[in-house]
Amino acid sequence: MAAESPFFIVPAGKKRIDRPIADWSAYENCHTFVYGMPYNCQDPIEYVAITLNPAIQFREGQAATIYARTTKGPRNDNEYFLGSLGPEKLSSFMKTRERMRDVDGVLFYINLRPKSEADVRIKENKTFPNSARPFLELN
């Protein structure tokens, strides 16, 4: 993987998050990048964009699945599927849910994997009810 961060997290009205706090390869075909975003319910973030770094391109047959987990201090909530990125979709825009009152951060997990595997994950996760997710994908 290139030295540059492959993805950017862009909270509306806040500074772009362009460095992952962790990254690892769980197995040969998948690489996970974790981005941390502080969240202040007194000054909430209403919209978030997740985008591929314009200096980087997806390799042939690659895609990314996006998950998020809200945090409160050391406690992590459930992990939620948010959406995907691929050669035909380089950005994903999301609106936060109003119920994020007991949250002080969000961890975004972006899994870079073969498109065939990403398609399976997308199909499995699209059945999860939208009301349970902390974000609503807008595109």
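Scroll up for the structure.
Okay, so let's go over this structure. The structure displayed is predicted, hence computed values, not measured ones.

**So, the sheet that holds strand β1 (residues 7-11)**
(1) Moving on: As summarised here, the arrangement of the 4 strands in space is β1-β4-β7-β9, forming an open sheet in which the pairing is antiparallel. The sheet terminates laterally at β1 and β9 (135-137), the two strands that pair on one side only. Between one strand axis and the next, the sheet turns by 25° as a mean value, whatever way the strands run.
(2) Moving on: As judged from the 3 bridges shared by strand β7 (residues 91-96) and β9, these two strands associate in the antiparallel manner. Bridging from a neighbouring strand, T96 pairs with F135 of β9.

**Details of the environment of L85**
(1) Moving on: With respect to the helices, strands and loops of the structure, L85 is situated in strand β6 (residues 75-85).
(2) Moving on: Separated by 20 residues in sequence, L85 and T65 have C-alpha atoms that sit 6.5 Å apart.
(3) Moving on: Residues within four places of L85 in sequence aside, it is in contact with F7, I50, L52, F58, A63, A64, I66, L90, S91 and S92.

**So, the nonpolar core**
(1) Moving on: Judged by nonpolar contacts, the single largest core of 25 residues is most densely connected at F7, I9, M37, I50, F108 and F135.
(2) Moving on: For this core, the secondary-structure elements that each account for two or more residues are β1, β3 (30-38), β4 (47-52), β5 (62-72), β6 and β8 (105-114).
(3) Moving on: Per element, the largest residue contribution to this core is 4 residues, and it comes from β8.
(4) Moving on: Aside from chain neighbours lying at most four places away, what touches F108 is I9, F33, V34, Y35, M37, V48, I50, Y67, A68, L82 and F135.
(5) Moving on: In terms of nonpolar packing, the next biggest core, distinct from the first, is built from 6 residues, V34, L107, Y109 and I122 among them.

**Quick look at the packing of aromatic side chains**
(1) Moving on: Enumeration according to the criterion identifies 3 aromatic pairs in this entry.
(2) Moving on: For the pair F7 and F58, a centre-to-centre distance of 6.5 Å together with 55° between the ring planes defines the contact as tilted. With F7 in strand β1 and F58 in the loop between β4 and β5, this residue pair connects regions lying 51 residues apart in the sequence. For the pair shown, F7 and F58 are each scored as buried.
(3) Moving on: Ring centres of Y67 and F81 lie 5.5 Å apart, and the angle between their planes is 70°; on these two criteria the pair is classed as edge-to-face. A residue pair is termed long-range when its members are at least 10 positions apart, and Y67 in strand β5 and F81 in strand β6 qualify at 14 residues. Just as Y67 is buried, F81 falls in that class too.
(4) Moving on: Connected via pairs of aromatic rings, a cluster forms that spans F7, F33 and F58.
(5) Moving on: When the ring centre of F8 is taken as reference, the NZ or CZ atom of R16 above it lies at 3.8 Å.

Quick notes on the rules
- Residues numbered from 1 in each chain as written.
- Predicted model: local features only at pLDDT ≥ 70, side-chain atom pairs only at ≥ 80, totals over all residues.
- Heavy atoms only, no water.
- Pairing = 2+ DSSP bridges.
- Helix = DSSP H or I, 4+ residues; strand = E, 2+ residues; numbered from the N terminus.
- Axes fitted to C-alpha atoms, helices over the stretch in contact; angles between N-to-C directions.
- Contact = heavy atoms within 4.5 Å.
- Core = buried A, V, L, I, M, F, W, Y, C linked by side-chain atoms within 4.5 Å.
- Buried < 20%, exposed > 50% of the residue type's maximum accessible area, 1.4 Å probe, protein only.
- Phe/Tyr/Trp six-rings, centres within 6.5 Å; stacked < 30°, edge-to-face > 60°.
- Lys NZ or Arg CZ within 6 Å of the ring centre and 35° of its normal.

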